[in-house]
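Remarks on the overall topology
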Amino acid sequence: ENHAAEEDGSITPTLYGQEINPQVTALARINMRLHGAESHVVGGDTLVDPGFHSGSSLQTFDHVVANPPIRMNIGSDVQKTLRDDPYGRFEPQSIGRTSDIPFLQHAAASLADDGRGAIVVSPSLLQASGREGKGIKRLLKEDIIEAVISLPGGMLAQTDIPVSLLILNKEKPLEKKGEVM
């Protein structure tokens, strides 16, 4: 999300999004137009080919909200591509067989220096070991995880499984530094 100042001093957000499913991409574009929102929705694979960048620099945003697929398997060819990411989004040692950590690291890399985000993740991701554990430890070391909100099953329309919301904040207040709520 980026903002444009209006004549009356109010701020109108510009919404950006990327979706791999062409039908969902088209529906999102129509929905944004129907609601009069300024938006840029592109198709494609967010992990392999992020839609918003300038050269080798990833575009960053004030706010990032993501509901990526949970525990989606990624093949060894995609793992290699992510380990060699030209945007530096991923901790290469954290790339494993599932997409959870790469989507989380992409969201974190897409935040502006003072950006905030909310990402839907599997509750088990927070207790991960091995490659995924390295990805979580990186975000904890960078001190951008502000809070974890656990939701029971059935809270999201598309799934009955329990999920967690990871709240990211690249500019935590001093009193919250080094802590996760």
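For the structure, see preceding data.
All of the points below concern the structure found in this document. In this text the structure is predicted, and so the values were computed from the model without any measurement.

1. Examining the overall build of the protein
Secondary structure assignment for the protein yields 4 helices and 9 strands. Helices and strands appear in the protein in the N-to-C order β-β-α-β-β-β-β-α-α-β-α-β-β. A compact globule built from 181 residues should have a C-alpha radius of gyration of about 16 Å, and the protein, at 17 Å, falls within 12% of that. Seen through its C-alpha atoms, the protein measures out along the principal axes to roughly 50 × 40 × 40 Å. A separation threshold of at least 6 residues defines the contact pool for the protein, and within that pool the share at least 24 residues apart is 67%. Total accessible area on the protein is roughly 10500 Å²; 53% of this is exposed by carbon and sulfur atoms. Charged side chains in the protein number 17 positive and 24 negative. The centres of these two groups are separated by 10 Å.

2. Quick look at the sheet that holds strand E8 (residues 145-151)
The strand order across the open sheet formed by 4 strands is E6-E7-E9-E8, and the pairing between neighbours is mixed. Two strands in the sheet have a free side with no partner beyond their single neighbour: strand E6 (61-66) and E8. Along the sheet, successive strands turn relative to each other by an average axial angle of 10°, direction set aside. In the sheet, strand E7 (residues 111-121) pairs with strand E9 (residues 163-169) via 6 bridges, with the strands oriented antiparallel. Within E9, the position partnered with Val-120 by the bridge is Leu-165.

3. Observations concerning the packing of aromatic side chains
The geometry of an aromatic ring pair comes down to the distance between the two centres and the angle between the two planes. Applying the stated rule across the entire model yields 3 aromatic pairs. With centroids separated by 5.1 Å and ring planes inclined at 90°, the aromatic side chains of Tyr-16 and Phe-52 adopt a geometry described as edge-to-face. A residue pair is termed long-range when its members are at least 10 positions apart, and Tyr-16 in strand E2 (residues 11-19) and Phe-52 in the loop between strand E3 (38-43) and strand E4 (53-54) qualify at 36 residues. Judged by centre distance (5.0 Å) and plane angle (50°), the ring pair of Tyr-16 and Phe-61 falls under tilted. One end of the pair, Tyr-16, is in strand E2; the other, Phe-61, is in strand E6, with 45 residues separating them in the sequence. Site record: aromatic cluster; members linked through ring pairs are Tyr-16, Phe-52 and Phe-61.

4. Here's the deal with the nonpolar core
In terms of nonpolar packing, the biggest core is built from 17 residues, with Val-64, Leu-104, Ile-119, Leu-125, Leu-139 and Leu-168 touching the most fellow members. Every element with two or more residues in this core is listed here: E6, helix H3 (100-109), E7, helix H4 (130-141) and E9. Looking at which element gives the most residues to this core, the answer is H3, with 4 residues. With residues near it in sequence (within four places) discarded, Leu-168 still touches Leu-104, Ala-108, Leu-111, Gly-115, Arg-116, Gly-117, Ile-119, Ile-144, Ile-145 and Glu-146.

About the criteria used
- Residues numbered from 1 in each chain as written.
- Predicted model: local features only at pLDDT ≥ 70, side-chain atom pairs only at ≥ 80, totals over all residues.
- Heavy atoms only, no water.
- Helix = DSSP H or I, 4+ residues; strand = E, 2+ residues; numbered from the N terminus.
- Rg over C-alpha atoms; globule rule 2.2 N^0.38 Å.
- Contact = heavy atoms within 4.5 Å.
- Areas by Shrake-Rupley, 256 points an atom, 1.4 Å probe, with all protein chains shown as cover.
- Lys, Arg positive; Asp, Glu negative; His and termini not counted.
- Charge placed at Lys NZ, Arg CZ, Asp CG, Glu CD.
- Pairing = 2+ DSSP bridges.
- Axes fitted to C-alpha atoms, helices over the stretch in contact; angles between N-to-C directions.
- Phe/Tyr/Trp six-rings, centres within 6.5 Å; stacked < 30°, edge-to-face > 60°.
- Core = buried A, V, L, I, M, F, W, Y, C linked by side-chain atoms within 4.5 Å.
- Buried < 20%, exposed > 50% of the residue type's maximum accessible area, 1.4 Å probe, protein only.

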